[in-house]
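# Structural features, examined
Residues per chain, in single letters:
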Amino acid sequence: MDISRRRFLQSAGLLGGAALGAAAIPGCRWQIDWPVTEPLGTILSVPANQAPIDHVVVVMMENRSFDHYLGYLATDSTFLSNGLSRWGSDFHVDGLQHQTFPDANGNPVSTAHLSEQIGQTNPWRGCGFHDPGHGWTAGRAERDGGFLAPASGNDQFALGYYNAGDLPFTEQFARNGTVFDHYHASVLGPTHPNRKYLHSAQSGGGKTNAFPTDPNGFSWPLIWDKLAAANVPARYYYSDLPFLGLWGQRGLNYSSPIAQYYENCAAGTLPNVTMVDPYFFGANQCDDHPLADVRAGQRFLRDVFKAFVGSPHWQHGAFIVTYDEWGGFFDHVAPTHFPDDRPSANDADDFTQAGFRVPTMMASPYAKSGFVDHRDYDHSSILRFLEWRFLGAPTESPFGSSNWFLTARDRNASNIGASLLPTIANPEPPFDLDLSLDAPSGACAPGASSLRALESTNGDDAFNEGAWRQYLDQVGFKLD
């Protein structure tokens, strides 16, 4: 079933009282002229089956925090001036680049631009430094004692940041899309648990990157199962590693190689729900996980986004970029709590504890350009939007029928679609889709760094190619 369709929207009554009403004509979309400061309403005021977003693409990258990647926006005079003009006097960004943390001896150490950090020979990779700690125990050490706390395992690399211009695609996306400055990793832990929340609103109680012991993979339900049962076309596209393989053949049945994503975009046959993963390993690594070159990630994001914008799906689409977890990099906002099926008074077992903030942005013809959404979100907030749009979830209330949600987490999550508009804001995408980007550098010298080293400390299993090859061999899937 292709859920794309022409529909009409009646502006009067959908725009929060704004004087933009017009006679509804089937198939027409209404353009809003900038600048605007009056209330514009939200797509959530439209019945879900009449909402103008038919295609959603989600790309999840790896291991970066908000202040580390986007903290500069909080003092960027051009961004702030445009936001104040466009969105009103309370426009701001909750970012803080310049901070100080005590080292193991109690001495203050300041955050620094990575190109100026002492000892930094490759600010794009961090060669010679540790992969910052982001395991279950390391994350709690950072929360309680700062980002150089002894149990974090961190060195000064964790206090490095990028500025405007260092990451040209991310900067362009942030300036012309919507930024979410209170979007948190789902749990204060490593890669696998957080990625599981994007696909299933839980980690199954897992705190580490451990693999399933059952040859059929994890057994709990996926958002993909829900979408399939509702006959909603949906697909997960992997570059080298199919993360859905953790659910065995059931997960692999929803998976396709990334080449198919580009073909589907070009042909206008992309499913209504799409998730895309970057290359995690080898010479093609572009996931932004230290110690990968972040310029490779910029190129990957540009290419995936360009394919979607150039497809027929863009005019009724939304494109979301997020990161699985903070990667041990500094952030000034204390991680919040979210409802969960596994609460505990024991902090070490409490799955309501979210992780630190991660860079998250959205672009769409219906997105507020240069806007900052301050609501608390996590990965399940993306599921909540998909469940509202395609599975009959109520607009705001977590109550209602029980067949649309997966766990208490997504049932109670804030809907990330709240800042989308009910009418077209940007009929022409305000992006340079042929943005020139520097080539990545070669890999760090052997022995000069320890890729993903800290993800294997404190009882967390390593996220590495060898472990994944061994597991996927057991389920009958061969990595290229």
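Counting of residues starts from 1 at the beginning of each chain's written sequence and follows it residue by residue. Thresholds applied to this predicted model are a pLDDT of at least 70 for local features of residues and 80 or more for the giving and counting of side-chain atom pairs; totals over whole chains, interfaces and linings are not thresholded and use all residues. Side-chain numbers come from the whole structure's heavy atoms, not from hydrogens or water.

Quick look at the state of the cysteines now. The disulfide criterion is simple: two cysteine sulfur atoms within 2.5 Å. This structure, assessed with the given rule, holds 1 disulfide. Each disulfide pairs two cysteine sulfurs, and for Cys127 the partner residue is Cys444, the sulfurs being separated by 2.0 Å. Across the S-S bond linking Cys127 and Cys444, the dihedral sits near -85°, which makes this disulfide left-handed. Highlighted residues: Cys127 in the loop between strand E4 (112–113) and helix H3 (136–145) and Cys444 in the loop between helix H11 (408–412) and helix H12 (465–474), separated in sequence by 317 residues. Whether a residue is buried, partly exposed or exposed follows from its accessible area with a 1.4 Å probe, protein chains only, as a fraction of its type maximum: under 20%, in between, or over 50%, in that order. What makes Cys444 buried here is its relative accessible area of 14%. Only DSSP runs of H or I reaching four residues or more are called helices, and only runs of E reaching two or more are called strands; each is numbered from the N terminus.

The subject of this paragraph is helix H4 (residues 168–176). Those residues of H4 that fall on the buried side of the exposure criterion are Phe169, Thr170, Glu171, Gln172, Phe173 and Ala174. The elements touched by buried residues of H4 are helix H1 (66–70), helix H2 (77–87), strand E6 (178–180), helix H9 (294–309), strand E10 (317–323) and strand E11 (360–363). Here, residues are in contact when the closest pair of their heavy atoms is within 4.5 Å.

Per residue, pLDDT captures the predictor's confidence, and it can take any value from 0 to 100. Of the residues in the protein chain, 89% have a pLDDT of 70 or more, and the chain-wide mean is 88. Scored below 50 in pLDDT, residues 1–39 shows 93 contacts in the model against residues more than four places distant or in partner chains. For residues 448–460, every residue scores under 50 in pLDDT, and the model assigns this stretch 52 contacts once sequence neighbours within four places are set aside.

Any Lys or Arg side-chain nitrogen located within 4 Å of an Asp or Glu carboxyl oxygen qualifies as a salt bridge. Taken as a whole and judged by the stated rule, the model has 21 salt bridges. Arg143 serves as the salt-bridge partner of Asp347, at 2.7 Å between the closest nitrogen and oxygen. Remark: Arg143 occurs in helix H3 and Asp347 occurs in the loop between E10 and E11; sequence separation between them is 204 residues. Judged by its relative accessible area of 29%, Asp347 is partly exposed. Given the relative accessible area of 25%, Arg143 is considered partly exposed.

Axis lines are fitted to C-alpha atoms, over the contacting stretch for helices. Their N-to-C directions set the angle, which ranges from 0 to 180 degrees. Orientation of helix H5 (residues 191–200) relative to helix H10 (residues 379–390), taken along the N-to-C sense of each, is 10°, at an axis distance of 7 Å. Compared by their axis directions, H5 and H10 come out roughly parallel. Only His379, Ile382 and Leu383 of H10 make contact with H5, whose side of the interface consists of Asn194, Tyr197, Leu198 and Ser200. For classification purposes, angles smaller than 35 degrees are called roughly parallel, those larger than 145 roughly antiparallel, those between 65 and 115 roughly perpendicular, and all remaining angles oblique.

The next thing to look at is the packing of helix H8 (residues 258–267) against H9. Packed helices, taken two at a time, are described by their axes: the angle between them and the distance between them. Running from N to C, H8 and H9 point in directions that differ by 35°, and their axes come no closer than 8 Å. Side by side, H8 and H9 meet where Ile258, Tyr261, Tyr262 and Cys265 of the first sit next to Phe300, Asp303, Val304, Ala307 and Phe308 of the second. Only Asp, Glu, Lys and Arg are considered charged in this grouping, and only Ala, Val, Leu, Ile, Met, Phe, Trp, Tyr, Cys and Pro are considered nonpolar; every other residue, Gly among them, is considered polar. Its residues placed into classes, the contact of H8 with H9 shows 8 nonpolar, no polar and 1 charged.

This paragraph deals with unusual backbone geometry. With an omega of 10°, the peptide bond between Pro290 and Leu291 qualifies as cis. Tracing the backbone shows Leu291 in the loop between strand E9 (273–276) and H9. Residues other than glycine seldom take positive phi values, yet Asn63 does so here, at roughly 60°. With respect to the element layout, Asn63 can be found in the loop between strand E1 (55–61) and H1. Phi at Asn231 takes a positive value of approximately 60°, unusual for a residue other than glycine. Taking relative accessible area as the criterion, Asn231 reaches 53% and is therefore assigned exposed.

Let us look at the side chain of Asp340. Relative to the helices and strands, Asp340 resides in the loop between E10 and E11. Judged by relative accessible area, Asp340 falls into the buried class, the value being 11%. N or O atoms closer than or at 3.5 Å make up a polar contact, with two conditions inside protein: a donor-capable atom paired with an acceptor-capable one, and, for residues adjacent in sequence, both atoms drawn from side chains. Only 2.7 Å separates the side chain of Asp340 from the side chain of Tyr197, close enough to count as a polar contact. Among the polar contacts made by the side chain of Asp340, one reaches the main-chain amide nitrogen of Arg342 at a distance of 2.9 Å.

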